[in-house]
Amino acid sequence: NFETAWKSYQVPRMFLNTAIVYLGFILSRLLVITPAAYALSRLRLPLRRGFYMLFLATLMLPAMAYLVPQYLVIQSLPIIKVKLYDTWWALWLPAGASSMQLLLMKGFFDEIPRELSEASRIDGASELRILRSLAYAKKGDTREAEADLEGAMGLAEPEGYVRIFLDEGQPM
């Protein structure tokens, strides 16, 4: 029975799809959310407080309010007019636009003392180098810093999607 189920449901392909979606989530968040959170936390930008309040205000809307705008973006990407139906990008792009993850990552950067980034600037480091080094500056142990980053990025979020399909919305 197990072998029949394994072959008929294509379990290896399901694992591969899950890995691809998960890696896409991580990359989109690393490439989009991390620099934005660093900018909100460390750089003295005009309207920085206003942007922070804007992201905070988006958390007051229910998640269902984002379904239609996300669908419209996937239907036709606004700037380049590309349809994203049946592509991985339809999953990955919305993951890079999560205001909750942005605010969590901003909180992560806010906890790190500003003296570390100031010392890096004095040593001649660029903002990108400072961003990279701050991710591991909080803890001496690299594994602890990686766990903090994963927590700040909310990398467990794909489990919510899996729960919806497996449990049919039943509480765990």
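Presented here is a report on the structure given in the accompanying data block. (Residues numbered from 1 in each chain as written. Predicted model: local features only at pLDDT ≥ 70, side-chain atom pairs only at ≥ 80, totals over all residues. Heavy atoms only, no water.)

### Points about the overall build of the protein chain
Step number 1: Across its full length, the protein chain holds ten helices and zero strands.
Step number 2: Each helix (α) and strand (β) of the protein chain, taken in turn from the N terminus, gives the series α-α-α-α-α-α-α-α-α-α.
Step number 3: Here the protein chain, with 172 residues, has 26% of them falling under the buried criterion.
Step number 4: Taking as baseline every contact in the protein chain between residues at least 6 positions apart, the subset at least 24 positions apart corresponds to 66%.
Step number 5: Surface accessibility of the protein chain: about 12,100 Å² in total, with carbon and sulfur atoms responsible for 66%. (Helix = DSSP H or I, 4+ residues; strand = E, 2+ residues; numbered from the N terminus. Buried < 20%, exposed > 50% of the residue type's maximum accessible area, 1.4 Å probe, protein only. Contact = heavy atoms within 4.5 Å. Areas by Shrake-Rupley, 256 points an atom, 1.4 Å probe, with all protein chains shown as cover.)

### Things to note about the nonpolar core
Step number 1: Core analysis: the largest hydrophobic core is formed by twelve residues, namely I33, A37, Y38, L40, L102, M105, F108, F109, I112, I130, L131 and L134.
Step number 2: Where this core is concerned, the elements lending two or more residues are α2 (11–42), α6 (99–111) and α8 (127–134).
Step number 3: Ignoring any residue separated from it by four or fewer positions in sequence, one finds A37 in contact with L102, M105, K106 and F109. (Core = buried A, V, L, I, M, F, W, Y, C linked by side-chain atoms within 4.5 Å.)

### Quick word on the packing of helix α3 (residues 48–58) against α6
Step number 1: One way to put it is that α3 packs onto α6 with a least axis distance of 9 Å and a crossing angle of 130°. The orientation of α3 relative to α6 falls into the category oblique. Here α3 and α6 pass one another in a crossing that is left-handed. Facing Y52, F55, L56 and T58 of α3, the residues of α6 in contact are S99, L102, L103 and K106.
Step number 2: Tallied by class, residues from the contact of α3 with α6 come to five nonpolar, two polar and one charged. (Axes fitted to C-alpha atoms, helices over the stretch in contact; angles between N-to-C directions. Parallel < 35°, antiparallel > 145°, perpendicular 65-115°, else oblique. Left-handed = near helix turned anticlockwise from the far one by under 90°. Nonpolar A, V, L, I, M, F, W, Y, C, P; charged D, E, K, R; others polar.)

### Digging into the packing of helix α7 (residues 114–122) against α8
Step number 1: Interhelical geometry of α7 versus α8 gives an angle of 140° and a closest axis separation of 10 Å. Taken together, the axis directions place α7 and α8 in an arrangement best described as oblique. α8 is crossed by α7, and the crossing has right-handed handedness. Note on element contacts: α8 touches α7 through E127, I130, S133 and L134, opposite L116, S117, S120 and R121.
Step number 2: A per-class count over the contact of α7 with α8 returns three nonpolar, three polar and two charged.

### Examining α8
Residues spaced three or four apart along an α-helix face the same direction, because each turn holds 3.6 residues.
Step number 1: Among the residues of α8, I130, L131 and L134 are the ones counted as buried. Down the axis of α8, the buried set is contained in an arc of 100°. They therefore lie on one face. Turned more than 90 degrees off the buried face of α8, the exposed positions are L128 and R132.
Step number 2: Against the buried residues of α8 lie α2, α6 and α7. (Arc of directions from axis to C-beta.)

### Some thoughts on the packing of aromatic side chains
Step number 1: Under the criterion given, the structure shown has five aromatic pairs.
Step number 2: Centre to centre, the rings of W88 and W92 are 6.2 Å apart; their planes meet at 15°, and the pair counts as stacked.
Step number 3: Under the relative-accessibility criterion, W92 is labelled buried at 16%.
Step number 4: For the ring pair W89 and W92, a centre distance of 5.2 Å and an interplane angle of 80° mean the geometry is edge-to-face. Of the two residues, W89 and W92 both sit in helix α5 (residues 89–95), three residues apart, roughly one turn of that helix.
Step number 5: By relative accessible area, which is 48% here, W89 ends up partly exposed.
Step number 6: Through a chain of ring-to-ring contacts, three or more aromatic side chains come together here, namely Y38, F108 and F109.
Step number 7: Directly above the aromatic system of Y52 lies the positively charged group of K106, at a separation of 4.8 Å from the ring centroid. (Phe/Tyr/Trp six-rings, centres within 6.5 Å; stacked < 30°, edge-to-face > 60°. Lys NZ or Arg CZ within 6 Å of the ring centre and 35° of its normal.)

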